[in-house]
Amino acid sequence: MSEQTKISIRDFNFFYAKKEVIRALNLDVRENEILSVFGPANSGTTTLLRALNRMTDLTPGVYMEGEILLDGKNIRSPDINISELRRKVSMVFEVPTPLPMSIFDNVAYGPRLSGVKNRVLLEHTVEESLQMAVLWDEVKDRLHNSAMRLSGGQQQRLCLARILALHPEVILLDRPCSGLDPVSTSKIEESLRHLKEKFTIVIVPHNVQQAGRVSDRAAFLLMGDLIEVGLTAEVFANPKDKRTSDYITGRFG
Amino acid sequence: MKMKNFGERIPQSLFFIIALSALTVLALITVFIFIEGVPLIAKVGFFKFIFGMKWAPSQGFYGIFPMIVGTISVTLGAIILGVPVALCCAIFLAEFAPRWLSDIVRPAIQLLAGIPSVVYGFWGLIFIVPLIRNYLGGPGLSILAGSIILAIMILPTVISISEVSLLALSPLLKEGAFALGATHWQTIRSVLVPAAKSGILASIILGIGRAVGETMAVIMVLGNAVALPNSILSPVRTLTTNIGIEMGYASGDHQQALFATGIVLLVIIMILNSLAQYSIRRK
């Protein structure tokens, strides 16, 4: 983890229809860290994540204020290229979303979109990405089988591999392990620990324990307010706010 | 307790009998057609019936090959003209059209399916046929005229089934592709349409079925000549129009020959429908 700021969220407000989902949020994401954004349901964690690569554009009726700076450039400004942004700030969803094609084609999809045609280069990228997502050994003999036949945990690692093939700068993970068994979960967490050397990672964990296990820093959101943010160890050991300690110890949420 | 059982069983058996009778009627018609038609095919010879070039009932010639060619050429024309339009329309409705627009267009397309085929035929005869005669030559009554009319008639089938199969896709699929930096059009082309492939294929096959079976509209614009066509401006006769035109005065072997034509049609339609079923189920 460096001290360099990768993403800076400034005075950010977010509304669905008339309902305020995120209120006056100020939060920095540092380069090569794993930041977990956690909180009970409907706290705005997923919304915040989706705002970071403008997946929120797909939802009708949303309204935002404030700035989200990626390397100092506001991603909300109209001259931003959204496809480029989403390749740079890539996302893995809660439900695995393999595309209806082969394993190889799933991983090669992103590079092909950006114009890579060289077979050797594609093969190299696919292998490298699947290795990083700790999936290579399980699928190397059946790369051309349909991705839909993989198990849930494998599909999720495939989705991770798929965005790694884009060579992103930031990886967003929205409860990536919520439907997975403990073995798959630990495989994904294992890959995250290696990945943070190269990437900046923001994760919405599916439970408090995961936030504790994987992240360097943790931010606690409650009903759209940022309650506290700090080193994970500190937030968990000595929460400054009573609401944080109540949530972590399971008194509500 | 006994009364309740009784009250439950009566509607159950009633519905069963009614459902069965619908099936029975269908089976009876099929059996009837086969009983009427098969002896003639046997008499003429299967090969000579299907591939015979001459249809002259008064002289005892029963060859339906020109009509098979007619059916295939008109259907093919309808597919070439109609399917691209229908698919673009389905993609537009499912992906691009704002809600208010698709709410107008969708019922309008359904309405297209409700127009009686004789009206299509009449319109084709008055409007399309002279247009072809004046600008492209020939008699106007032609494969092209039939193809245009049928292309319009299969639009509702192909559009609505394709659209439904596109809308039935998980929204997550689209999000997944968007998250990889794909644009809307790239997503449609490389993810959504391939994912809805089976439904789209089924819609096309059902459209073909509709085109093959259509009679009234094509009688009016095809010219009905029993000869192999030499261009898309030639008049042809299809299997359906053969029955439609001659059933009024046919008797004896001639009438049986029309039933035999019906058998060929029935078999074609059954094959097409099974293909459609197969492609819908093989997800």
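Residues numbered from 1 in each chain as written. Chains lettered and ligands numbered in written order. Predicted model: local features only at pLDDT ≥ 70, side-chain atom pairs only at ≥ 80, totals over all residues.

All right, on to the overall build of chain A then. Assigned secondary structure in chain A consists of 10 helices and 10 strands. At 18 Å, chain A has a C-alpha radius of gyration in line with the 18 Å of a compact globule built from 253 residues. Dimensions of chain A, computed from the C-alpha atoms along their principal axes, are close to 55 × 40 × 35 Å. (Helix = DSSP H or I, 4+ residues; strand = E, 2+ residues; numbered from the N terminus. Rg over C-alpha atoms; globule rule 2.2 N^0.38 Å.)

Check the secondary structure of chain B and you find 12 helices and 2 strands. Principal-axis analysis of the C-alpha atoms places the extent of chain B at approximately 75 × 70 × 30 Å. Taken across its 283 residues, chain B has 40% of its residues classed as buried. Within chain B, contacts between residues at least 6 apart in sequence are counted, and of these 74% link residues at least 24 apart. (Buried ≥ 20, exposed ≤ 12 C-beta atoms within 10 Å, placed from the backbone. Contact = placed C-beta atoms within 7 Å.)

Interfaces are often sized by the accessible area lost when the parts come together. Tallying the contact residues gives 15 residues for chain B and 19 residues for chain A. Where the side of chain B that touches chain A is concerned, the elements lending two or more residues are helix 7 (171-179) and helix 8 (184-195) of chain B. The element contributing the most residues to the side of chain B that touches chain A is helix 7 of chain B, with 7 residues.

Residue and element names in this part refer to chain A. An order of 6-7-8-3-9-10 is seen for the 6 strands of this open sheet, with the pairing classed as mixed. Only two strands of the sheet have a single partner each, and these edge strands are strand 6 (89-92) and strand 10 (225-231). Taken over all neighbouring pairs, the strand axes of this sheet differ in orientation by 15° on average, direction set aside. Sheet topology places strand 9 (residues 217-222) next to strand 10; 6 bridges connect them, and they run antiparallel. Looking at the pairing, R217 lines up with L231 of strand 10. In the packing of helix 1 (residues 45-52) onto the sheet, the strands contacted are strand 3 (34-38), strand 6, strand 7 (170-174), strand 8 (200-204) and strand 9, and the crossing angle to strand 8 comes to about 150°. (Pairing = 2+ DSSP bridges. Axes fitted to C-alpha atoms, helices over the stretch in contact; angles between N-to-C directions.)

This part covers unusual backbone geometry. Residue and element names in this part refer to chain A. The backbone phi angle of D71 is positive, close to 50°, even though this residue is not glycine. Along the chain, D71 falls in the loop between strand 4 (62-70) and strand 5 (73-74). In this structure D71 comes out as partly exposed when scored by C-beta crowding, with 14 C-beta atoms within 10 Å. At M223, a position not held by glycine, the phi torsion is positive, near 50°. Residue position: M223 is located in the loop between strand 9 and strand 10.

Time to look at the sheet that holds strand 4 of chain A. All names here are of chain A. The strand order 2-1-4-5 describes an open sheet built from 4 strands, whose pairing is antiparallel. Either end of the sheet is taken by a strand with one partner, and the two such strands are strand 2 (19-30) and strand 5. Relative to strand 4, strand 1 (residues 5-16) is paired through 8 bridges, and the arrangement is antiparallel. The partner of F14 across the bridge, within strand 4, is M64.

Of all hydrophobic cores here, the largest spans 123 residues; its most connected members are A:V202 and B:I149. Here this core gets 15 residues from one element, more than from any other, and that element is helix 6 (residues 143-167) of chain B. In this view, B:I149 contacts B:Y120, B:G121, B:G124, B:I128, B:A217, B:V218 and B:V221; residues no more than four positions away in its chain are not counted. If you look at the next biggest cluster of nonpolar residues, it comprises 14 residues, including B:L40, B:I41, B:F49 and B:L258. (Core = buried A, V, L, I, M, F, W, Y, C linked by C-beta atoms within 7 Å.)

Take the environment of A:V214 next. Residue and element names in this part refer to chain A. One can find V214 in helix 8 (residues 208-214). A sequence separation of 78 residues divides V214 from W136, and the C-alpha atoms of the two residues are 22 Å apart. If we skip the residues at most four places from it in the chain, V214 touches I34, S36, E189, L192 and I203.

Next up on the list: helix 8 of chain B. All names here are of chain B. Where helix 8 is concerned, the buried positions are T187, I188, V191, L192 and A195. Buried residues of helix 8 fall within an arc of 130° about the axis and therefore sit on the same side. Buried residues along helix 8 sit against helix 3 (65-96), helix 6, helix 7 and helix 9 (197-213). (Arc of directions from axis to C-beta.)

All names here are of chain A. Judged from the 2 bridges that link them, strand 4 and strand 5 form a sheet pairing that is antiparallel. Looking at strand 5, one finds that L69 is bridged to N74. Taking the residues that link successive antiparallel strands as the turn, the strand 4-strand 5 hairpin has 2 residues, and the phi of D71 there is positive, at about 50°.

Our next topic: the packing of helix 3 of chain B against helix 6 of chain B. Residues and elements named next belong to chain B. Direction vectors running N to C along helix 3 and helix 6 enclose 35°, while the axes themselves pass 6 Å from each other. Both helix 3 and helix 6 take part in a crossing whose hand is right-handed. Here the residues of the contact of helix 3 with helix 6 are counted per class, giving 23 nonpolar, 6 polar and 1 charged. (Left-handed = near helix turned anticlockwise from the far one by under 90°. Nonpolar A, V, L, I, M, F, W, Y, C, P; charged D, E, K, R; others polar.)

On to helix 1 of chain A, then. Of all 8 residues in helix 1 of chain A, 8 are buried; the element is thus mostly enclosed. Residue A:R54 follows helix 1 of chain A closely and has a positive phi angle near 60°.

So, on to the pairing of strand 8 of chain A. Residues and elements named next belong to chain A. Of all 5 residues making up strand 8, 5 are buried, and the element is well covered by its neighbours. Neither face of strand 8 is open: one carries T200, V202 and V204, the other I201 and I203, and all of them are buried. Summarising the sheet, strand 3 and strand 8 pair through 3 bridges and their orientation is parallel. Within strand 8, the residue paired with L35 across the bridge is V202. Here strand 7 pairs with strand 8 via 5 bridges, running parallel. Following the sheet pairing, V170 is matched in strand 8 by T200. Read from strand 7 through helix 7 (residues 182-195) to strand 8, the crossover connection turns out right-handed. (Right-handed = clockwise from strand over helix to strand, strands pointing away.)

This next bit is on the environment of A:L70. Mapped onto the fold, A:L70 is located in strand 4. Once you skip the residues sitting within four places of it in the chain, A:L70 turns out to touch A:I7, A:I75 and A:V89.

It is worth stressing that arrangement in space is one thing and function is another; only the former is reported here.
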